[in-house]
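Inside the fold
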Amino acid sequence: MHWGRLPLAVATAVALVLVSGASGELINGYTATGAPTHVKPLTLTQYTIAMTNTSADKEADRASIGIPAGFVVAPTVQVTPTCGSPTWTVELPVPSLDGKIKVRREGGGGNLCPGGTLSIVFSATSPVTEGNYVWATELRKGDGDQFVLNGNQPSVQVDGTGPAVAITSHPDNLTNVTSATFGFEANEPADFKCRLDAGSFEDCTSPKSYTAGHGGHTFRVRATDLSGNVGAETTFTWTVDTVAPTATITQKPPNPTNNSSASFGFSANEPANFECGLDVDPFAACAALYFADYSNYNSNLVGLVLDANLSAASAPVETAAAEQNALARPHRAELPPGEPRNQK
């Protein structure tokens, strides 16, 4: 016989027989699941490995679970079938010399029927090394007939590292909008808890929205992964500014005056830009020292109106959203009406 010319399916079947050490029939088949799927390192945990007989007409009376390297298994094992006899024997020692949990049905009859599930429950301490570990299951009939696994072997992820959270969207650092919405994500499947300012952490999902009043605020979010590891907090701090700045005139011409030009000085109660307007002229950006020429005006009334406009270019910086307060000009500082101008 030329092994290299065997069809792939036949070669695979032969390999399965050789690996299992069996010389009997290959039976299709069974599935296997395991829980939990995530644990912390060096943690004693109860595990359930379930094998379901998916064959059309074959019963099973043997099962085993290969213990991954580094796991320390407790000697107590519980076996529960969903059909057949409830009594299965756990072979001693646990684990066996070849590193397995082995169970069998004694006495003939009462085996695991087609469609039935065999659950094996045991406790084990996980290793210190993080990684994915596989429970290598086997289901058999007698010592020879081997059930073929459909799907993947059950596994457990040993994970001792907390998840990292990134805030993906947030309000502007300085804003006059009192509503705030945050988007966030973790680098692995996780549950989230959120907190605003001095409030308590509470369960949350992304996006998370709040209403925040005038002043500084801090949003905090943290994640807990499937192994129960709690990650570090990720924070975002921003300021809500709903109060418009106040402008004050600090320098002005005498009233009345016969001078057709005048200079005005002014300041604001916070870092700001300014807009100035003379009489009915529209507002325009101006410096903190403003020169006005009203020689072409027929009106005897001369007034200067100041509006402090928050600046995105000054230090400390205030944002465009806050600038809207100033652009609405809720506050204006005006010169009192003047007396008639002296005539030359």
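Residues numbered from 1 in each chain as written. Predicted model: local features only at pLDDT ≥ 70, side-chain atom pairs only at ≥ 80, totals over all residues. Heavy atoms only, no water.

Looking now at the overall build of the protein chain. When its secondary structure is counted, the protein chain shows two helices and 27 strands. Looking at the 344 residues of the protein chain, the share that counts as buried comes to 38%. Considering only intrachain contacts with a sequence separation of at least 6, the fraction spanning at least 24 residues in the protein chain is 67%. In the form shown here, the protein chain has an accessible surface area of approximately 18,000 Å², with 52% of it arising from carbon and sulfur atoms. (Helix = DSSP H or I, 4+ residues; strand = E, 2+ residues; numbered from the N terminus. Buried < 20%, exposed > 50% of the residue type's maximum accessible area, 1.4 Å probe, protein only. Contact = heavy atoms within 4.5 Å. Areas by Shrake-Rupley, 256 points an atom, 1.4 Å probe, with all protein chains shown as cover.)

Our focus in this paragraph is the sheet that holds strand E12 (residues 155–158). Strand order in the open sheet made by the three strands is E2-E12-E9, with mixed pairing throughout. The sheet is open, and its two edges are formed by strand E2 (38–39) and strand E9 (131–134), each paired on a single side. Examined bridge by bridge, E2 and E12 share two bridges and lie parallel to one another. Each bridged residue has a counterpart across the sheet, and for His 38 the counterpart in E12 is Gln 157. (Pairing = 2+ DSSP bridges.)

Before going further, it helps to examine the pattern of salt bridges. Inspection of every chain in the model, using the stated rule, returns ten salt bridges. Between Lys 100 and Glu 138 there is a salt bridge, with the nearest N and O atoms lying 3.2 Å from each other. Separated by 38 residues along the polypeptide, Lys 100 in strand E7 (residues 100–104) and Glu 138 in strand E10 (residues 136–141) bring together distant segments of the chain. Look at Glu 138 and you get buried, because its relative accessible area is 18%. (Salt bridge = Lys/Arg side-chain N within 4 Å of Asp/Glu carboxyl O.)

With that settled, consider the confidence of the model for the protein chain. For the protein chain, mean pLDDT is 82; residues scoring 70 or higher make up 77% of the total. For residues 1–22, every residue scores under 50 in pLDDT, and the model assigns this stretch eleven contacts once sequence neighbours within four places are set aside. Note that pLDDT drops below 50 for residues 298–344; the model gives that stretch 133 contacts with residues more than four away or on any other chain. (pLDDT = per-residue confidence, 0-100.)

This part covers the state of the cysteines. Per the counting criterion, the structure on display carries three disulfides. Each sulfur of the disulfide joining Cys 194 and Cys 204 lies 2.0 Å from the other. Looking down the S-S bond of the Cys 194 and Cys 204 bridge, the torsion is 75 degrees, so its handedness is right-handed. Here Cys 194 is found in strand E16 (residues 190–196), whereas its partner Cys 204 is found in strand E17 (residues 202–204), with ten residues between them in sequence. Given the relative accessible area of 0%, Cys 194 is considered buried. A sulfur-sulfur separation of 1.8 Å characterises the disulfide bridge that pairs Cys 276 with Cys 286. An S-S torsion of about 70 degrees defines the bridge between Cys 276 and Cys 286 as right-handed. Residue Cys 276 is located in strand E23 (residues 273–278), and its partner Cys 286 is located in strand E24 (residues 284–286); the two are separated by ten residues in the primary sequence. (Disulfide = S-S within 2.5 Å.)

With that settled, consider the sheet that holds strand E18 (residues 208–211). Reading across the sheet, the three strands line up as E13-E15-E18 and stay open at both edges, with antiparallel pairing between neighbours. At either end of the open sheet lies a strand with only one pairing partner, and these are strand E13 (165–169) and E18. Adjacent strand axes in the sheet meet at a mean angle of 35 degrees when their direction is disregarded. With four bridges joining them, E13 and strand E15 (residues 179–186) adopt antiparallel strand pairing. Bridge pairing in E15 links Val 165 to Ala 186. (Axes fitted to C-alpha atoms, helices over the stretch in contact; angles between N-to-C directions.)

Here we come to the nonpolar core. Tyr 47, Ile 65, Phe 71, Ile 101, Ile 120, Phe 122 and Trp 135 are the most contacted members of the largest nonpolar core, which totals 31 residues. Ranked by residue count, the leading element in this core is strand E8 (residues 117–125), at four residues. When residues no more than four places from it in sequence are discounted, the contact partners of Ile 65 are Ile 49, Met 51, Gly 99, Lys 100, Ile 101, Ile 120, Phe 122, Trp 135, Ala 136 and Thr 137. Counting residues in hydrophobic clusters, the runner-up holds 16 residues, among them Phe 192, Phe 219, Trp 238 and Val 240. (Core = buried A, V, L, I, M, F, W, Y, C linked by side-chain atoms within 4.5 Å.)

Both strand E1 (residues 26–35) and strand E11 (residues 145–149) contribute to a ladder of four bridges, which runs parallel. Within E11, the position partnered with Tyr 30 by the bridge is Leu 149. Inspection of the sheet shows E10 paired to E11 by two bridges, in the antiparallel sense. The residue of E11 that forms the bridge with Lys 141 is Asp 145. Joining the antiparallel neighbours E10 and E11 is a turn of three residues, in which Gly 142 adopts a positive phi near 70 degrees.

With respect to the helices and strands, the residue Thr 137 is situated in strand E10. For Thr 137, a relative accessible area of 4% translates into the label buried. Non-local contacts of Thr 137, meaning those with residues more than four positions away in its chain, are made with Tyr 30, Ala 32, Ile 49, Met 51, Ser 64, Ile 65, Gln 153 and Pro 154.

Here the focus is the pairing of strand E3 (residues 44–53). Across six bridges, E1 lies against E3 in antiparallel orientation. Note on E3: the bridge partner recorded for Tyr 30 is Asn 53. Pairing of E3 with E8, which is carried by nine bridges, proceeds in the antiparallel orientation. Bridging from a neighbouring strand, Leu 44 pairs with Thr 125 of E8.

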